[in-house]
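The primary structure of each chain is shown beneath.
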Amino acid sequence: MKTNSNPNSKLSLIPFFMQPTFTSTSKLFANFLSIVLCMFLSISFVMATSNNAKAIAPKTTSSSKWQSTLDHAKDGQMIMLPAVVNEVLTVRSAVTLMTSGSTQLRGLIMDAAGKKVKLLGDLDINGTLVLGKGIIDAGSYNIKAKNTSGASSQSYIMMLMGSLTLSVAPNTTVNFPIGTGMGIADVDVIGNASHTTDDITMSVVDAAVLADFTNVDPVGPRFARFEWNASELVAGGSNVNFIYRFPTDPSDVKNSKAVVGHNTASVWSYVNTTISGTGPFSTSSVGPYTSFSPFGVFGSLPVHNLTQNTFYATIQAAVNAANVNDVIECDGAVYNEKVTINKSLTLQGVSETTCIIDGTGLGNGSGITINNGITNVTIDKFTIKNHA
């Protein structure tokens with residue numbers, strides 16, 4: 001075997017078939033190049049084995065390539081979209097769609113059951129947004145579409161501070177399938193006969209980021225844990241009704257006396273409504289409205305001072321706030337409390353069967369105690385139980 005007898009020679013990192021003939025003065029430079037080559041090959045190998053971590057796009061910009069790119073995309077990959085994609089795209093993976101600030105599409109079909117497709121940028125869809133399978137996580141970005149279809153509790157547009165814009169014409173009902181991390185909280189916008197066709201923009205936030213509803217209601221913060229915001233493209237021509245839906249029950253709400261609050265110039269006004277359903281819950285149609293801003297669904301607490309027209313969460317709170325000879329009426333509910341009456345008044349339930357003052361866990365004492373010397377107290381239509 002032939003050996004290298006030159007003690008000053010070094011093993012070259014360049015393959016033998018790539019080795020040029022170097023002079024003694026260029027050996028250091030040749031070794032440097034060989035090290036750079038090895039580093040490049042190592043980095044290329046790492047990138048090739050970490051395909052999910054990098055953004056991908058078609059090798060050409062022809063529109064037919066974009067669907068092929070999506071079809072081959074894996075969960076977690078980022079798709080870099082140009083300003084215009086003249087194509088209806090179907091998304092089947094949990095990808096991130098990175099737009100060019102705002103990307104125009106001919107249409108978008110969600111076919112990613114149980115997955116979330118994240119947006120990084122706005123979308124302008126010149127056709128239908130089909131929400132059959134999977135959730136679009138729009139975050140703080142905006143979506144505009146001609147119309148939508150296929151929305152459900154498993155497939156909607158999840159927002160943080162983003163919005164959805166759809167066109168609403170007279171005598172039509174348009175569903176805005178929006179929601180938050182708490183679930184779908186969609187809105188039907190109903191154009192009345194006098195409504196002028198316009199682009200209506202809706203957004204929604206939930207209690208996790210909500211500060212506007214603290215003590216805005218005359219009887220306390222009893223809202224449905226969501227605030228919807230509406231706006232119109234052209235001011236002055238809109239005349240619409242709203243139906244709000246939400247996945248969580250308003251706390252301590254009396255459905256038959258619910259209202260929708262509308263905030264205009266920091267002043268809240270109310271329109272009567274009712275809440276139906278068992279989750280999702282739904283309001284009856286409210287409005288019409290010709291100006292837009294924050295909206296919220298509120299309800300009445302179960303204890304009603306008929307004399308003062310005020311509402312309370314507990315019987316004791318209503319008694320404490322009552323004036324002499326006031327009439328207090330309790331809605332059908334189980335009231336886990338002991339009540340002390342310290343003034344002349346009438347305390348009545350709507351039904352002895354449904355109005356229950358239950359002392360479970362409250363220790364000894366009567367369910368209702370009338371203080372010494374207090375007269376002219378009327379108590380009617382209650383069931384009192386579990387008081388020692």
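A brief report on the enclosed structure follows. (Residues numbered from 1 in each chain as written. Predicted model: local features only at pLDDT ≥ 70, side-chain atom pairs only at ≥ 80, totals over all residues. Heavy atoms only, no water.)

Quick word on the overall build of the chain
On a plain count of helices and strands, the chain comes out with three helices and 30 strands. Residue burial in the chain is summarised as follows: out of 388 residues, 42% are buried. Contacts in the chain between residues at least 24 apart in sequence constitute 46% of all its contacts with a sequence separation of at least 6. Element-wise, carbon and sulfur atoms account for 55% of the exposed surface of the chain, whose accessible area totals about 19600 Å². (Helix = DSSP H or I, 4+ residues; strand = E, 2+ residues; numbered from the N terminus. Buried < 20%, exposed > 50% of the residue type's maximum accessible area, 1.4 Å probe, protein only. Contact = heavy atoms within 4.5 Å. Areas by Shrake-Rupley, 256 points an atom, 1.4 Å probe, with all protein chains shown as cover.)

Topic: the pattern of salt bridges
Counting across every chain of the model gives seven salt bridges. With its nearest N and O atoms 3.1 Å apart, the salt bridge here joins Asp186 to Arg245. Note that Asp186 is positioned in the loop between strand E10 (183-184) and strand E11 (187-191) and Arg245 in strand E14 (residues 240-246), a separation of 59 residues in sequence. Here the residues in one salt-bridge network are Asp71, Arg92, Asp111 and Lys133, joined through shared partners. (Salt bridge = Lys/Arg side-chain N within 4 Å of Asp/Glu carboxyl O.)

Comments concerning the sheet that holds strand E24 (residues 333-335)
Strand order in the open sheet formed by three strands is E24-E27-E30, with parallel pairing between adjacent strands. Only two strands of the sheet have a single partner each, and these edge strands are E24 and strand E30 (383-385). This sheet shows a mean twist of 20° between the axes of neighbouring strands, independent of strand direction. Inspection of the sheet shows strand E27 (residues 355-358) paired to E30 by three bridges, in the parallel sense. For Ile357, the partnering residue across the bridge sits in E30 and is Ile384. (Pairing = 2+ DSSP bridges. Axes fitted to C-alpha atoms, helices over the stretch in contact; angles between N-to-C directions.)

Observations concerning the pairing of E11
Across the five residues of E11, five count as buried, placing the element largely inside the fold. A two-sided burial pattern is seen for E11, the buried positions comprising Val187, Val189 and Gly191 on one face and Asp188 and Ile190 on the other. Bridge analysis of strand E8 (residues 173-176) against E11 gives four bridges, and the strand direction is antiparallel. Looking at the pairing, Val174 lines up with Val189 of E11. In the sheet, E11 pairs with E14 via five bridges, with the strands oriented antiparallel. Bridged to Gly191 within E14 is Val240.

Brief notes about the side chain of Thr283
Checked against the element boundaries, Thr283 lands in strand E18 (residues 281-283). Leaving out residues up to four positions away in the same chain, Thr283 has contacts with Ile243, Tyr244, Phe246, Thr273, Thr274 and Val297.

Here's the deal with the nonpolar core
Ranked by internal contacts, the top residues of the largest apolar core, which has 54 residues, are Ile143, Met202, Trp228 and Phe242. Membership of the second largest hydrophobic core comes to 17 residues, among which are Ala318, Val319, Ile328 and Ile357. (Core = buried A, V, L, I, M, F, W, Y, C linked by side-chain atoms within 4.5 Å.)

Overview of a nonpolar patch on the surface
Judged by side-chain polarity, Leu160, Met161 and Val209 come together as a nonpolar surface patch covering roughly 300 Å² of accessible area. If you trace the backbone, Met161 turns up in the loop between strand E6 (157-159) and strand E7 (163-168). (Patch = residues over 30% accessible without salt bridge, like charges linked within 9 Å, V, L, I, M, F, W, Y side chains within 5 Å.)

Concerning the sheet that holds strand E26 (residues 346-349)
Judged by pairing direction, the sheet is mixed, and its five strands sit side by side in the order E22-E21-E23-E26-E29 without closing on themselves. Only two strands of the sheet have a single partner each, and these edge strands are strand E22 (310-312) and strand E29 (378-380). The sheet shows a mean angle of 20° between the axes of neighbouring strands, direction not considered. Relative to E29, E26 runs parallel, the two sharing three bridges. Bridge pairing in E29 links Leu347 to Ile379.

Quick notes on the packing of aromatic side chains
Under the criterion given, the structure shown has ten aromatic pairs. Taking the centre distance of 5.0 Å and the plane angle of 50° together, the rings of Phe242 and Phe295 count as tilted. Of this pair, Phe242 sits in strand E14 while Phe295 sits in strand E20 (residues 294-300); the two residues are 53 residues apart in sequence, bridging distant segments of the chain. For Phe295, a relative accessible area of 0% gives the class buried. For the pair Tyr244 and Phe295, a centre-to-centre distance of 6.1 Å together with 35° between the ring planes defines the contact as tilted. In this pair, Tyr244 sits in strand E14 while Phe295 sits in strand E20, placing the two residues 51 residues apart along the sequence. Considered together, Tyr244 and Phe295 belong to a single accessibility category, that of buried residues. Following the ring pairs from residue to residue traces out a cluster consisting of Phe226, Trp228, Phe242, Tyr244, Phe246, Phe281, Tyr289, Phe292 and Phe295. (Phe/Tyr/Trp six-rings, centres within 6.5 Å; stacked < 30°, edge-to-face > 60°.)

Thoughts on unusual backbone geometry
Pro288 follows Gly287 through a cis peptide bond whose omega is 5°. When you line up the elements, Pro288 lands in strand E19 (residues 286-289). One non-glycine residue, Asn325, lies in the positive phi region at around 75°. Structurally, Asn325 can be placed in the loop between helix H3 (315-321) and strand E23 (327-330). The class of Asn325 is exposed, set by a relative accessible area of 54%. You will see that Asn376, though not glycine, has its phi angle at about 55°, which is positive. Checked against the element boundaries, Asn376 lands in the loop between strand E28 (368-370) and E29. Judged by relative accessible area, Asn376 falls into the exposed class, the value being 61%.

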